[in-house]
Amino acid sequence: MKNPEHPVGMRLDERAVRVLAHPLRSRILGWLRMHGPATATELAAALSTNTGATSYHLRALEDVGLVTDTGAGAGKRRVWRASTDFHSWSNSDFADDEDAQTALGWLRRDYVRQYALRTEQWLDAEAAWPAEWVDQLGFGDTLLTVTADQLAAFQAELDALTEKYHRIGEGDPSARRVQLVVQSTPVDLEPPAQP
């Protein structure tokens, strides 16, 4: 069931991209999404930084709608959560904004680094997991031969399937949160001829 006060996803605008393209802000948002609500002090300890830095960057993330004060804190002790479970964008949204393009370029490479780190952490931990999980988790790849429109249709179907399973296991003690990373890159890096 969707919660209108905590939408599943949001589309980044130029301002949000610029704010998020910062090493600590990116890590703060990722940590909150992975681990749930936390105070600036808890985030500082988890991310090996100081409370002043996490407080400052949390306010910057709040200004663009990426994090929210839960209202559960007392006094100056604020408890923060990610406003959404994910965000998205279209690269062409920023075609006329060089600063946003630069920020987005940094952010995309940062995500690749974070995904690689999470994958390596999983490889280190998987031996302790039951076979029924290890057999389902991991990675693989396949090759598609598609047009840009067909790839867009594939992505739409994948988005619908992801939405269907987004919280399907909630309340089941045997369920675990799983990070699904989708990447598509062309095999031939030479751009296609324009019609």
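Structure: above.
Residues numbered from 1 in each chain as written. Predicted model: local features only at pLDDT ≥ 70, side-chain atom pairs only at ≥ 80, totals over all residues. Heavy atoms only, no water.

## A closer look at the nonpolar core
For step 1, the next point in the chain: Among the nonpolar cores identified, the biggest contains 28 residues, and Leu20, Ile28, Leu32 and Leu58 are the most heavily contacted of them.
For step 2, the next point in the chain: Mapped onto this core, the elements with two or more residues apiece are helix H1 (14–20), helix H2 (23–35), helix H3 (40–46), helix H4 (51–63), strand E4 (79–82) and helix H5 (98–125).
For step 3, the next point in the chain: With 5 residues, the single largest contributor to this core is H5.
For step 4, the next point in the chain: Leu20 has contacts with Leu12, Arg25, Ser26, Leu29, Leu61, Leu66, His87, Trp106, Leu107 and Tyr111, leaving out every residue within four places of it along the chain. (Core = buried A, V, L, I, M, F, W, Y, C linked by side-chain atoms within 4.5 Å. Buried < 20%, exposed > 50% of the residue type's maximum accessible area, 1.4 Å probe, protein only. Helix = DSSP H or I, 4+ residues; strand = E, 2+ residues; numbered from the N terminus. Contact = heavy atoms within 4.5 Å.)

## Considerations on the sheet that holds E4
For step 1, the next point in the chain: Taking strand neighbours across the sheet as the criterion, the 3 strands line up as E2-E4-E3 in an open arrangement whose pairing is antiparallel. The open sheet has two edge strands with one neighbour each: strand E2 (38–39) and strand E3 (67–69).
For step 2, the next point in the chain: Sheet analysis places E2 next to E4, joined by 2 bridges and oriented antiparallel. The residue bridging Thr39 from the neighbouring strand is Val79, located in E4. (Pairing = 2+ DSSP bridges.)

## Some details on the side chain of Ser26
For step 1, the next point in the chain: With respect to the secondary-structure elements, Ser26 resides in helix H2.
For step 2, the next point in the chain: A polar contact is formed between the side chain of Ser26 and the side chain of Gln114, at a distance of 2.9 Å.
For step 3, the next point in the chain: Here Ser26 is in contact with Leu20, Trp106, Leu107, Asp110, Tyr111 and Gln114, once residues within four sequence places are set aside. (Polar contact = N/O pair within 3.5 Å; in protein donor to acceptor, adjacent residues only side chain to side chain.)

## Quick word on the pattern of salt bridges
Pairing between side chains of opposite charge can happen when the charged atoms of each approach one another.
For step 1, the next point in the chain: Inspection of the entire model under this criterion finds 7 salt bridges.
For step 2, the next point in the chain: Put simply, Arg78 and Glu62 hold a salt bridge, and the shortest N to O gap is 3.3 Å. Of this pair, Arg78 sits in the loop between E3 and E4 while Glu62 sits in helix H4, and the two are 16 residues apart along the sequence.
For step 3, the next point in the chain: Taking the shortest distance from any N to any O, the salt bridge between Asp110 and Arg113 comes out at 3.9 Å. Of the two residues, Asp110 and Arg113 are both situated in helix H5; the distance of 3 residues between them amounts to about one turn of the helix.
For step 4, the next point in the chain: Looking at Arg113, the relative accessible area reads 47%, which means it is partly exposed.
For step 5, the next point in the chain: Here the salt bridges share partners, and the residues they tie into one network are Glu62, Asp69 and Arg78. (Salt bridge = Lys/Arg side-chain N within 4 Å of Asp/Glu carboxyl O.)

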